Amino acid sequence: MRFSIWPSVGQPWHEVVDTVRHAEATGWDRAYLADHFMANSADRAEAAAPLLEATAALSALAALTERIVLAPLVLGMTYRHPAVVANWAATVDHVSNGRLVLGLGAGWQVNEHEQYGIELPPPGPLVSRFHEGLRVIEGLLTREGTTVLGDYYRVTDALCEPKPVQSRVPLLVGCTGERMLGIIARHADEWNMWGLPDRVAERSAVLDRQCEKADRDPATVQRSCQAVWFVGDDGDTARAEAVASPARAAIGGTPEDLVEMVEAWQAVGVDEIIVPDFTLGTGARKRELMDAIIEVTAATTRG
């Protein structure tokens, strides 16, 4: 089972670098960065909290690290043209010497679309657009020339050179909807969602059915999930913080307490746990909690 860190892009750059370098040095598998331009809030003051831009930050981290795998979680198709994404991905795969996972999503956050004048279609067209964009990216990264003449993207015998270092850059798609899970079954290598074990199991079963429809072995799709972690010496306090959290999924307890939750994820087929650093503090305190997660929680569930 993989354990990966998700540093907030709302913290200073040196803190992002320190977090990823510490993760690399202490046995974490991957580092993810979110792709948003502002906080998801209707309150303008809250939305104005600084956020570093994901593709620039990942490119820099590729040059500043040697082992850890890097990925966006996830790039929004609505505001990133797929041909541009493919060229960026190929370049970062070279900079990192083959350590990129390309995380992609359909796009969803309303305020950044409204402020930047970028169309956010209703769910049906949004998924159709994503599917077309994914076909463009997949073609450009793997074929000599790519043609997709769709309703949203039109590329004609298009080039993307050099090709990545990896023979195939893994494509990760973040989603929960049935149509999106069907797209994963046909095109992607990995699937990601927020969720506790019961919810992940329910959606994972849908993905299995979509794989069967696509004549694909469900075991060939890697599965990852994330929740906000509240970790402390006082397990009761940490659990209460998790219950009170507005996050889409949250867990809390001592590092030893959290082994049971990780084992529950593992039991429903999760291959990778992604830990946001949002609640782990800063500096030495964050490094201490990261070490506890790897040395205690992860150690019991890694093969």
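That block above? That's the structure.
All residue numbers refer to positions counted from 1 along the written sequence of the respective chain. Whole-chain, interface and lining totals are the exception, using all residues; otherwise, since this is a predicted model, local features are given only for residues with pLDDT of at least 70 and side-chain atom pairs are given and counted only at 80 or more. To obtain the side-chain values, all non-hydrogen atoms of the structure were included, while hydrogens and water were left out.

Caption draft 1: Structural detail: the sheet that holds strand E2 (residues 30-33). What makes two strands pair is DSSP finding at least two bridges between them. Starting at the N terminus, helices and strands are each numbered in turn, a helix being any DSSP run of H or I of at least four residues and a strand any DSSP run of E of at least two. Reading across from one edge, E3-E2-E1-E13-E10-E9-E8-E5-E4 is the order of the 9 strands in this open sheet, with parallel pairing throughout. In this open sheet, the two strands that pair with only one neighbour each are strand E3 (69-72) and strand E4 (75-76). When E4 meets strand E5 (residues 102-105), the two strands line up parallel, connected through 2 bridges. Each bridged residue has a counterpart across the sheet, and for Leu-75 the counterpart in E5 is Leu-104.

Caption draft 2: Here's a closer look at the nonpolar core. Nonpolar cores were defined as sets of buried Ala, Val, Leu, Ile, Met, Phe, Trp, Tyr and Cys residues, with membership established by side-chain atoms within 4.5 Å. Burial here depends on accessible area, computed with a 1.4 Å probe over protein chains only, as a share of the maximum for the residue type. Under 20% is buried, over 50% is exposed, and the range in between is partly exposed. Ranked by internal contacts, the top residues of the largest apolar core, which has 93 residues, are Phe-3, Trp-28, Leu-102, Trp-229, Trp-265 and Ile-273. Top element by residues in this core is helix H6 (residues 123-142). It accounts for 8 residues. Residues are treated as being in contact if the distance between any of their heavy atoms lies within 4.5 Å. If we skip the residues at most four places from it in the chain, Ile-273 touches Met-1, Arg-2, Phe-3, Ser-4, Cys-225, Trp-229, Val-262 and Trp-265.

Caption draft 3: The arrangement of the pattern of salt bridges in detail. Each salt bridge in this description consists of a side-chain nitrogen of Lys or Arg and a carboxyl oxygen of Asp or Glu lying within 4 Å of one another. The final tally for this structure, using the stated rule, is 17 salt bridges. Its salt-bridge partner being Arg-168, residue Asp-189 comes within 3.0 Å of it at the nearest N-O pair. One end of the pair, Asp-189, is in the loop between helix H7 (178-187) and strand E9 (190-194); the other, Arg-168, is in the loop between strand E7 (154-158) and strand E8 (171-174), and 21 residues separate them in sequence. One salt bridge connects Arg-223 with Asp-208, and the closest N-O pair in it is separated by 2.8 Å. Highlighted residues: Arg-223 in strand E10 (residues 222-226) and Asp-208 in helix H8 (residues 197-213), separated in sequence by 15 residues. We classify Arg-223 as buried; its relative accessible area is 6%. Among the charged side chains, a salt-bridge network with shared partners connects Arg-2, Arg-30, Glu-190 and Glu-272.

Caption draft 4: Representation of the layout of surface pockets in the model. Roughly 1400 Å³ of volume is contained in the largest pocket. Here a cavity denotes grid points, spaced 1 Å and computed from the protein atoms alone, that fit a 1.4 Å probe unable to get out, and a pocket denotes an open set having protein on both sides within 12 Å along at least 5 of 7 lines; residues with an atom within 4 Å of a point are the lining. Trp-6, His-36, Trp-108, Trp-194 and Arg-248 are, among the 46 residues lining the largest pocket, the residues nearest its centre. Listing elements by their share of the lining of the largest pocket, those giving two or more residues are E4, H6, H7, E9 and strand E11 (228-231). Considered class by class, the residues forming the lining of the largest pocket number 25 nonpolar, 16 polar and 5 charged. Grid points are joined across faces, edges and corners, and a volume is the space filled by probe spheres set on the points. Amino acids are sorted into nonpolar (Ala, Val, Leu, Ile, Met, Phe, Trp, Tyr, Cys and Pro), charged (Asp, Glu, Lys and Arg) and polar (every other residue, Gly among them).

Caption draft 5: Fine view of a negative patch on the surface. Taken together, the side chains of Asp-233, Asp-234, Glu-241 and Glu-256 make up a negatively charged region of the molecular surface. Locating Asp-234 in the fold gives a position in the loop between E11 and helix H9 (235-244). Each patch is built from residues lacking any salt bridge and having more than 30% relative accessible area; the joining distance is 9 Å for like charges and 5 Å for nonpolar side chains (Val, Leu, Ile, Met, Phe, Trp, Tyr). Each accessible area is a Shrake-Rupley result for a 1.4 Å probe, and residues are judged covered by the shown protein chains and nothing else. Positive charge is attributed to Lys and Arg, negative charge to Asp and Glu, and no charge count is given to His or to the chain ends. Charged side chains are reduced to one point each, which is NZ for Lys, CZ for Arg, CG for Asp and CD for Glu.

Caption draft 6: How the structure looks around empty space enclosed by the protein. The tally for this structure, following the rule as stated, stands at 1 cavity of 30 Å³ or more. By volume, the largest cavity is sized at about 50 Å³. Along the walls of the largest cavity sit Ile-137, Glu-138, Leu-141, Thr-142, Arg-168, Val-169 and Leu-171, which together make up its complete lining. Of the residues forming the lining of the largest cavity, the biggest block, 4 residues, is contributed by H6. The residue inventory of the lining of the largest cavity, partitioned by class, reads 4 nonpolar, 1 polar and 2 charged.

Caption draft 7: Molecular detail of the packing of aromatic side chains. Classification of ring pairs uses Phe, Tyr and Trp, with its six-membered ring standing for Trp, and accepts pairs whose centres are within 6.5 Å; under 30 degrees between planes counts as stacked, over 60 as edge-to-face, and the remaining range as tilted. Within the structure shown, the criterion is met by 4 aromatic pairs. Consider the rings of Trp-6 and Trp-194, whose centres lie 5.6 Å apart with planes at 50°: the pair is tilted. Residue Trp-6 is found in strand E1 (residues 2-6), and its partner Trp-194 is found in strand E9; the two are separated by 188 residues along the sequence. Seen from their ring centres, Phe-37 and Tyr-116 are 5.7 Å apart, and the 50° between their planes marks the pair as tilted. Placement of Phe-37 in the loop between E2 and helix H2 (44-47) and of Tyr-116 in helix H5 (residues 110-116) is noted, with a sequence separation of 79 residues between them. Of the residues examined, Phe-37 reaches a relative accessible area of 25% and is grouped as partly exposed. On the basis of relative accessibility, which here comes to 45%, the residue Tyr-116 falls in the partly exposed class. Through a chain of ring-to-ring contacts, three or more aromatic side chains come together here, namely Trp-6, Trp-194 and Phe-278.

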